[in-house]
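Observations on the three-dimensional arrangement
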Amino acid sequence: QVQLVESGGGLVQAGGSLRLSCTASGRTFSGSAMGWFRQAAGKEREFVSAISRSGISIYYADSVKGRFTISRDNAKNTLYLQMRSLKAEDTAVYYCAAYRAVATTDPQLVGSWGQGTQVTVSS
């Protein structure tokens, strides 16, 4: 199992930027595909982005393409989500995820979750 801790959430103005970080421990970080999900108040958890073990394969939800960038630093056991041009609809709790196998949009294939970090975009 992988233990995940997110950081970097907070309040930001619409159009602004924010970078989320996720530090992993407990299992080899480089051995897991990683991703980000988010859950807005009253809504289901939704896929945001994912990255393969090597960092070569990357996936984004249509709603964030062109604005968000996922990356990983295996030497630091850290996953990042750089968010730009933030919109009010990006407001949600963001969760770091380690997949049991390959990266997909399906949260049922996630093996470990972080506790979540709140991102609030003011408009």
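See above for the structure.
Please read all numbers here as calculations on a predicted model, not as lab measurements.

**Observations concerning the pattern of salt bridges**
Counted by the stated rule, this structure contains five salt bridges. Note that Lys 65 is salt-bridged to Asp 62, the shortest N-O span being 3.1 Å. A salt bridge links Arg 67 to Asp 90; the nearest nitrogen and oxygen atoms lie 2.8 Å apart. Taken together, the positions of Arg 67 in the loop between strand 6 (58–60) and strand 7 (68–73) and Asp 90 in the loop between strand 8 (78–83) and strand 9 (92–99) put the pair 23 residues apart, joining distant regions of the chain. For the pair formed by Arg 67 and Asp 90, the shared burial category is buried. Salt bridges linked by common partners bring Arg 38, Glu 46, Arg 67 and Asp 90 together as one network.

**Some thoughts on the nonpolar core**
Counting 34 residues, the largest nonpolar core has Met 34, Trp 36, Leu 79, Leu 81, Met 83 and Tyr 94 as its most contacted members. Of all the elements in the fold, those that place two or more residues in this core are strand 3 (18–25), strand 4 (34–39), strand 5 (46–51), strand 7, strand 8, strand 9 and strand 11 (117–122). Top element by residues in this core is strand 9. It accounts for six residues.

**Remarks on the side chain of Asp 90**
By relative accessible area, which is 0% here, Asp 90 ends up buried. Here the side chain of Asp 90 touches Lys 87 through a polar contact of 2.8 Å, landing on its backbone nitrogen. Sequence-distant contacts of Asp 90, defined by excluding residues within four places in its chain, comprise Arg 38, Arg 67, Phe 68, Ser 85, Val 119 and Val 121.

Conventions we followed
- Residues numbered from 1 in each chain as written.
- Predicted model: local features only at pLDDT ≥ 70, side-chain atom pairs only at ≥ 80, totals over all residues.
- Heavy atoms only, no water.
- Salt bridge = Lys/Arg side-chain N within 4 Å of Asp/Glu carboxyl O.
- Helix = DSSP H or I, 4+ residues; strand = E, 2+ residues; numbered from the N terminus.
- Buried < 20%, exposed > 50% of the residue type's maximum accessible area, 1.4 Å probe, protein only.
- Core = buried A, V, L, I, M, F, W, Y, C linked by side-chain atoms within 4.5 Å.
- Polar contact = N/O pair within 3.5 Å; in protein donor to acceptor, adjacent residues only side chain to side chain.
- Contact = heavy atoms within 4.5 Å.

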